[in-house]
Amino acid sequence: MRPFIYTPTSTVSAATQKLKANPHAKYLAGGTNLLDLMKEDVEKPTELVDITRLVLTEVKAITTGVNKGGITIGALGKNTDTANHPLIRQNFPLLTQSILAGASAQIRNMASNGGNLNQRTRCPYFYETSMPCNKREPGSGCGALEGINRMHAIFGWSQACVAVHPSDMCVALAALDAVVKVQGADGKERSIPFTDYHRLPGDTPQKDNTLNPGELITSIEIPINNFANTSYYLKVRDRASYAFALISVAAGVELEGTRIKQAKIALGGVAHKPWRALEAEKFLIGKEATEANFKQAAELEMKSAKPLEHNEFKIELGKRAITRALMQAMTGGKA
Amino acid sequence: MEKAFIKKVQIGDAMDRVDARLKVSGAARYAAEYTLKSVVYGVLVTSTIAKGSIKEMDTRAAEKAPGVLAIINHKNAPKVPGHQAGTDNEGSRVYGQEFRLFYDNKIYHNDQPIALAIASTPEQAEHAASLIKVHYAQEKHQTNSKANTSNAITPARGKDYSRGTAYAFKNAPVNLELEYGTPIQVHNPMEPHATTAVWEGATKVTVYNKTQATKLSQQEIMKAFDLKEENVQAISPFVGGAFGSSSRVWPQEMAAIMGAKVTGKPVKVALKRDQVFNMVGYRPRSIQKIGIGATAEGILTGITHEAFTSTSQYEQFTERIVDPTKTLYNCPNLNTAYKLIPLDMSTPCWTRGPGETSGSFALESAMDELAYALNIDPLALRLKNYAPSDPEKNLPWSSNYLKECYQMGADRFGWNKRTPTPGSMRKDEWQVGMGMAAGIYKSERDAASAIATVLANGSVVVQSAVADVGPGSATIFTQIAADVLAMDVKQVTFEWGNSKLPKAPGQFGSHTTASVGSAIYEVCTLLKKKLQELAITMPNSELARAQQNDLVVEEGTVGLKNKQIQLSYADILKSHALPQVQVSTESKGGGPEQEKYSGKSFCANFVEVRVHSLTGEVRVNRVVSAVDCGRVVNKKTATSQVYGSITWGIGIALMEEAKLDHRYGRHLNNDLAEYHVPTCADVPPIEVLFVDKPDPVIDPMGAKGIGEIPLVGFSAAIANAVYHATGKRIRELPITPDKLL
């Protein structure tokens, strides 16, 4: 643990200015991941800019414009409050289920929505400072590539990094076509489609997302959908609670009669970012919502998976999990 | 004042814990919570290689950091006389050379403590520790048990066992040869290990530590620092779980004592969670081969159990891994062999059911596999091979209600509803399976001392150095004293957890109740007699003409059976003008009477699991645990002991595994997010059934051990249930979803 400066702020512009002034500063929201990483000497900010007093906690319906009927979620809303908000429970039960599948009640009570997006991988090589990790120490190598990689990626990994994004909430947000609203020190706002927010590791695994330096997430918008009653978040894990996903699936199925108009499927625990199952989604358009079709969609999606030494099981598990999540969605997956 | 006397507490009552309020209100102080005047803080720096030596340690930046008082390492540490004395294989509990903190520049394992940073605040010490730079001369290490079985050694303190014909299973009409494995499991008590040490002058030291044995702590510190018994005190009344990991003196105690010596101030050293993985012991990895053979009717004719466990390069840690196999069944031909695999790891340590837990996974899985090979019900197979006496020692059991455990457990569980074919029971998407296993664990009594004092107000104080690491020993000892002295339990105070109190054995091996409970039973019986004498001899006693045999103690009084005369303890002391009356006793351990018998606890566990047919996730639906632990002294605390064992057993079966990256010889999942123990959601309703019949031999309460027996065989019961659910036999724990796809 290193000494650092603590700087409370009360406005978005003040906070972003602080980050602009000190490139080694970090925003502090719930702190559930950042403080752990500081204790482990993985994150070494020289300054923590406390943003918890910023008024960015509201959950509200969007009543005008193209996103009418959708919802906007404040970046500093707590995970627990977000999951239990009546509008979200009613219209976006997939989000509720995914949040409640993550971490523990205590952590969810502290964790912010923006922080959930920005939490870092739980790859043990990232945490273990005596071992190599390109994400922590660019150029040092990837400890997991030929190490213990049972929990690691099967899609989109590179020689530089095989880590996975740990969030459950983000898997649902990816399936829900959410949009991340951010603001920079220049006061400009940007909207980033959720699937573009996190990135694949490539040669620069130290970058988890496409935020520019100092940019702050202010809110997350979710457009309305027609699958609130036919969605499901499935998380397969080593114990019943407080465990990261071996594989998770966020699935929403929009029907037209008995046929599938569109399906939204995202996978967790398989890649450096929440993984949209586009192959499966494409296949399902216009198909009957049957187990056989779900299975075939799952097979198609997992075809491009590339396992590591210890995680080959994720391919078969992925097929089964996608099928099961879709089946569960069809039985009406209210949270 | 209304009469304070409520109900007499008896042995067997489900009394609430005497320290419950202290614990739930935060008033109970644990080792890291003694904030002595002018205390300073020490943080241990640990090695990042598994084998080699320290070439250079640069402590300059750390020494200059704010608040730093001292940086201690092998170059400047105070000399520890016991470390110079060489290996003591006569007096030590583990064979070999114990780890010597800051002794030289050698690295024996990863995460080995190599320096202590001492500063005025914990944060400053932590920061200083992070500034220490170490350069190593690294050597090739070995941490993989499986890859090193060919380097296994026969332990100096362990011998092979054989009765009848060795390897007889091979000639049996039905026989199996099977291999099982269990990973490293870490005790992970909720309270990490911590010590505060303070010197008075150069010859007297007090440690507030986390220990299961204050007297052993005291003796080990005396030996290390060459101090007199009266000058070493270990204080540890509250321990937040230990499970064997606090049965030795470890680096944090040594570091605090050395740090206090160097700084002249009290020094507090608390381990971080990752440091408890490879510094204060763990359950070693096991690799086990079982050969088992029977007649077509299911009568066992031969068992061979060969086991390997890992140890360090400097000590030979052995455990009782093949012991259940020797005694659980009536098998005429049986042989066991046990070898150790020395690795570049710290020494393992006793871990709840040390040996029995891993060994019984193999034995009780093999029994299930045999039952299927024979097409016999697994419970029927066990009943057929019930051992009417101890087949290893050729002695009668002191008591054995294993058959009652089978019966009670099977009835309550509904074992007869089980359809034997694997995969035949299903509910929706889940495959349902039922499994069972038996357990056996030694039940012994060791020597222990106690003092009982009745004070002028009639209240009683009972004392013993014994620890209470969570099972509720302080409660049941209060209860035993109140029962023998026929007093309101509120008038009895039990003092424990301090080495200056009368000698008690360590709280391990499930023998605290039998050992210390006997001492307390005896000392309170002596006090009762003393009070009866004093009642007769007091001036103008109404009982002056009574014989001691006529007298009874009731409600804190000595009196006649017809209750016509009752003299309170306070009045008896008052009329003798005595401020207090004190008696002490030294209770013997197993005497000649005990040696004529074999003392064991028994259990039968029944488990129902469900396995998701698509994802392979295993969830435990319900558990029935039937236990013969002799007479139950306190049903509440005894039941909690079973809950604890079963909960850990679920962890061992389904999730616990300390993972090392052997390239680095270092733990990877060394925190409680990644090293999985059961959460509340993983633990189903557990039904606990006690036979509750007194053992006539071991101790006057009729109690046998309870702390470990329910865990013995339990992980096999789950594996057997998983097999029944899926038809998949998992022989390498833990049973994670990927193994069942």
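Conventions we followed
- All residue numbers refer to position in the chain's written sequence, counted from 1.
- For this description, chains carry letters from A and ligands carry numbers from 1, given in the order in which they are written.
- Residue-level local features of this predicted model are given only where pLDDT is at least 70; pairs of side-chain atoms are given and counted only at 80 or more, and the full residue set underlies all totals for whole chains, interfaces and linings.
- Excluded from the side-chain calculation are hydrogens and water; included are all heavy atoms of the structure.
- Elements are defined by DSSP. Helices are runs of H or I of four residues or more, strands are runs of E of two residues or more, and each kind is numbered from the N terminus.
- When checking whether two residues touch, look at their non-hydrogen atoms; a contact exists if any pair is within 4.5 Å.
- Scored between 0 and 100, pLDDT is the confidence that the predictor attaches to each residue.
- Aromatic rings from Phe, Tyr and Trp, with only the six-membered ring used for Trp, were paired whenever their centres fell within 6.5 Å, and each pair was classed as stacked if the ring planes differed by under 30 degrees, edge-to-face if by over 60, and tilted otherwise.
- Distance and angle both matter: a charge sits over a ring if NZ of Lys or CZ of Arg is within 6 Å of the ring centre and within 35 degrees of the ring normal.
- We define a salt bridge as a side-chain nitrogen of Lys or Arg found within 4 Å of a carboxyl oxygen belonging to Asp or Glu.
- Relative accessibility thresholds used throughout: buried, under 20% of the residue-type maximum; exposed, over 50%; partly exposed, between the two (1.4 Å probe, protein chains only).
- Fitting a line to C-alpha atoms yields each axis, with helices limited to the stretch in contact; the angle taken between N-to-C directions then spans 0 to 180 degrees.
- Left-handed is the label given to a crossing in which the near helix is rotated counterclockwise from the far helix by less than a right angle, and right-handed is the label when the rotation is clockwise.
- Each residue gets one label: Ala, Val, Leu, Ile, Met, Phe, Trp, Tyr, Cys and Pro are nonpolar, Asp, Glu, Lys and Arg are charged, and the others, such as Gly, are polar.

Chain B has the name Xanthine dehydrogenase family protein molybdopterin-binding subunit in an unreviewed UniProt entry, where Rhodocytophaga aerolata is given as its organism.

Identification of chain A as Xanthine dehydrogenase family protein subunit M from Rhodocytophaga aerolata is taken from an unreviewed UniProt entry.

Mapped onto the elements of the fold, His109 of chain B is located in the loop between β5 (106-107) and β6 (113-119). If we skip the residues at most four places from it in the chain, His109 of chain B touches Ser47, Ile49, Ala50, Asn278, Tyr314, Asp344, Met345 and Ser346 of chain B.

The next thing to look at is the confidence of the model for chain B. Residues and elements named next belong to chain B. Summary statistics for chain B give a mean pLDDT of 96 and a share of 99% for residues scoring 70 or more. Segment residues 1-6 is flagged for pLDDT under 50; beyond a separation of four residues in sequence, or across chains, it makes nine contacts in the model. Predicted as a complex, the structure gets a pTM of 0.97 and an ipTM equal to 0.96.

For any pair of aromatic rings, the description rests on two quantities: the centre-to-centre distance and the angle between the ring planes. This structure, assessed with the given rule, holds 20 aromatic pairs over all chains. Above the ring of Tyr386 of chain B, the side-chain terminus of Lys403 of chain B is found at 4.5 Å from the ring centroid.

Moving on: the pattern of salt bridges. Inspection of the entire model under this criterion finds 46 salt bridges over all chains. Glu126 of chain B is the salt-bridge partner of Lys272 of chain B, the closest N and O atoms lying 3.0 Å from each other. Linking Lys272 of chain B in the loop between β13 (267-270) and β14 (286-294) with Glu126 of chain B in helix α4 (residues 122-130), this pair joins segments that are 146 residues apart in sequence. Note on Lys272 of chain B: relative accessible area 34%, which makes it partly exposed. The structure contains a network of salt bridges with shared partners spanning Lys26, Glu43, Arg120, Lys135 and Asp208 of chain A.

In this section: the packing of helix α12 (residues 291-302) of chain A against helix α13 (residues 313-330) of chain A. Residues and elements named next belong to chain A. α13 packs onto α12 with a crossing angle of 145 degrees between their chain directions and a minimal axis gap of 9 Å. Classified by chirality, the crossing of α13 by α12 is right-handed. Of the residues in α13, those touching α12 at Glu291, Phe294, Lys295, Ala298, Glu299, Glu301 and Met302 are Lys314, Ile315, Gly318, Lys319, Ile322, Thr323, Leu326, Met327 and Met330. Residue classes in the contact of α12 with α13 are distributed as eight nonpolar, two polar and six charged.

A few words on the environment of Val207 of chain B. Residues and elements named next belong to chain B. Position of Val207 among the secondary structure elements: in strand β11 (residues 204-209). Separated by 48 residues in the primary sequence, Val207 and Ala255 have C-alpha atoms spaced 11 Å apart. Here Val207 is in contact with Thr195, Thr196, Ala197, Ile221, Gln233, Ala234, Ile235 and Ile257, once residues within four sequence places are set aside.

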